[in-house]
Amino acid sequence: MRFAELEVPGSFVITPDQIGDDRGTFYESMRTDEFERVMGQPFEPRQINYSVSRRNTLRGLHSVADPPAQAKYITCVRGVLRDFVVDLRVGSPTFGRWASTLLDADSGVSVYVPEGVGHGFLALTDDACICYVLSSAFVPGTQIDINPLDPDLALPWGFTEQPLMSAKDEKAPSLKEVMDAGLLMPWRG
């Protein structure tokens with residue numbers, strides 16, 4: 001298992017070492033002992049979610065207020081996704097910056113999204129399924145939504161036609177509006 005830090009500090013791409021033979025492939029998707037060795041902190045799963053999407057579905061940008069805050073360990077288990085993380089930590093040297101990773105079921109590549117960092121994805125195939133391993137359970141009223149098409153962020157989603165989005169995501173406020181409302185976590189270095 002190899003960890004590579006993204007342009008957003010504390011966000012990582014995790015690439016598993018696959019063992020293949022004529023039967024198929026085996027790999028470890030997550031090892032909390034390896035995570036703790038690399039990150040210097042534990043990751044204790046509190047909830048696991050799956051989201052299934054049609055091609056050209058855009059979900060995000062989402063984060064969770066502190067408290068409870070929430071880190072995510074994300075893996076595509078079917079299909080292909082274009083995944084984005086956006087630094088939403090006020091005072092971070094990379095505030096507003098993003099990193100994108102292509103996630104597909106065959107590679108087993110995962111992305112770790114630390115607390116205070118936003119996450120979203122575009123489904124590139126029909127029936128794409130993403131798995132979220134979360135550090136905290138869902139608490140109503142704590143989700144932070146930012147419009148994924150915010151022109152100030154200018155995320156290069158790569159869609160060629162209008163994406164499918166929830167009404168909640170379409171009507172979500174801009175990053176500036178969320179920041180002005182004081183909803184974002186501070187950078188903790």
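First things first, this report covers the structure right here in the doc. (Residues numbered from 1 in each chain as written. Predicted model: local features only at pLDDT ≥ 70, side-chain atom pairs only at ≥ 80, totals over all residues. Heavy atoms only, no water.)

Let's shift gears to the layout of surface pockets. Empty space within the largest pocket amounts to approximately 460 Å³. Looking at the largest pocket, it is lined by 26 residues, and the ones nearest its centre are Asn49, His62, Lys72, Tyr132 and Gln143. Listed by contribution, the elements that provide at least two residues to the lining of the largest pocket are strand S5 (47–53), strand S6 (58–64), strand S12 (128–134) and helix H2 (167–170). The biggest single contributor to the lining of the largest pocket is S6, with 5 residues. Across the lining of the largest pocket, the residue classes break down as 10 nonpolar, 12 polar and 4 charged. The computed volume of the second largest pocket comes to approximately 400 Å³. In terms of lining, the second largest pocket is formed by 21 residues, of which the most central are Gln41, Arg89, Tyr112, Pro114 and Glu115. Considering only residue class, the lining of the second largest pocket consists of 13 nonpolar, 5 polar and 3 charged. (1 Å grid on protein atoms, 1.4 Å probe; cavity = no way out; pocket = protein on both sides within 12 Å on 5 of 7 lines; lining within 4 Å. Points joined across faces, edges and corners; volume = space filled by probe spheres on them. Helix = DSSP H or I, 4+ residues; strand = E, 2+ residues; numbered from the N terminus. Nonpolar A, V, L, I, M, F, W, Y, C, P; charged D, E, K, R; others polar.)

With that out of the way, let us pick up the packing of aromatic side chains. Throughout the structure, instances matching the rule amount to 7 aromatic pairs. Plain terms: the ring middles of Phe43 and Tyr73 are 6.3 Å apart, the flat faces sit at 50° to each other, and that makes the pair tilted. Taken together, the positions of Phe43 in the loop between helix H1 (32–39) and S5 and Tyr73 in strand S7 (residues 72–78) put the pair 30 residues apart, joining distant regions of the chain. Tyr73 shares its class with Phe43; the two are buried. (Phe/Tyr/Trp six-rings, centres within 6.5 Å; stacked < 30°, edge-to-face > 60°. Buried < 20%, exposed > 50% of the residue type's maximum accessible area, 1.4 Å probe, protein only.)

For the structure shown, the criterion picks out 12 salt bridges. Asp33 is the salt-bridge partner of Arg31, the closest N and O atoms lying 2.6 Å from each other. Relative accessible area serves as the criterion here: at 31%, Arg31 is assigned to the partly exposed category. A relative accessible area of 42% places Asp33 in the partly exposed class. Salt-bridge contacts for Arg55 lead to Glu161; the nearest nitrogen and oxygen are separated by 3.5 Å. In this pair, Arg55 sits in the loop between S5 and S6 while Glu161 sits in the loop between strand S13 (143–145) and H2, placing the two residues 106 residues apart along the sequence. (Salt bridge = Lys/Arg side-chain N within 4 Å of Asp/Glu carboxyl O.)

Attention shifts here to the sheet that holds strand S1 (residues 2–5). Strands in a sheet are paired, the pairing made by backbone hydrogen bonds, and the direction either parallel or antiparallel. Across the sheet, 6 strands lie side by side as S1-S2-S10-S7-S12-S5; this open sheet has antiparallel pairing. Each end of this open sheet is capped by a strand with a single partner; those strands are S1 and S5. Taken over all neighbouring pairs, the strand axes of this sheet differ in orientation by 25° on average, direction set aside. Here strand S2 (residues 12–15) runs beside strand S10 (residues 110–113); their pairing, made up of 3 bridges, is antiparallel. Within S10, the position partnered with Val13 by the bridge is Val111. This element, H1, spans S1, S2 and S10 of the sheet and lies at about 40° to S1. (Pairing = 2+ DSSP bridges. Axes fitted to C-alpha atoms, helices over the stretch in contact; angles between N-to-C directions. Contact = heavy atoms within 4.5 Å.)

Let's shift gears to the side chain of Asp83. As for its position among the elements, Asp83 is in strand S8 (residues 80–87). Look at Asp83: it is buried, it has no salt bridge, and the nearest opposite charge is Lys72 at 8.9 Å. When near neighbours in sequence (up to four residues on either side) are disregarded, Asp83 contacts Ile74, Ala99, Ser100, Thr101, Leu103, Val111, His119, Gly120, Phe121 and Ile130. (Lys, Arg positive; Asp, Glu negative; His and termini not counted.)

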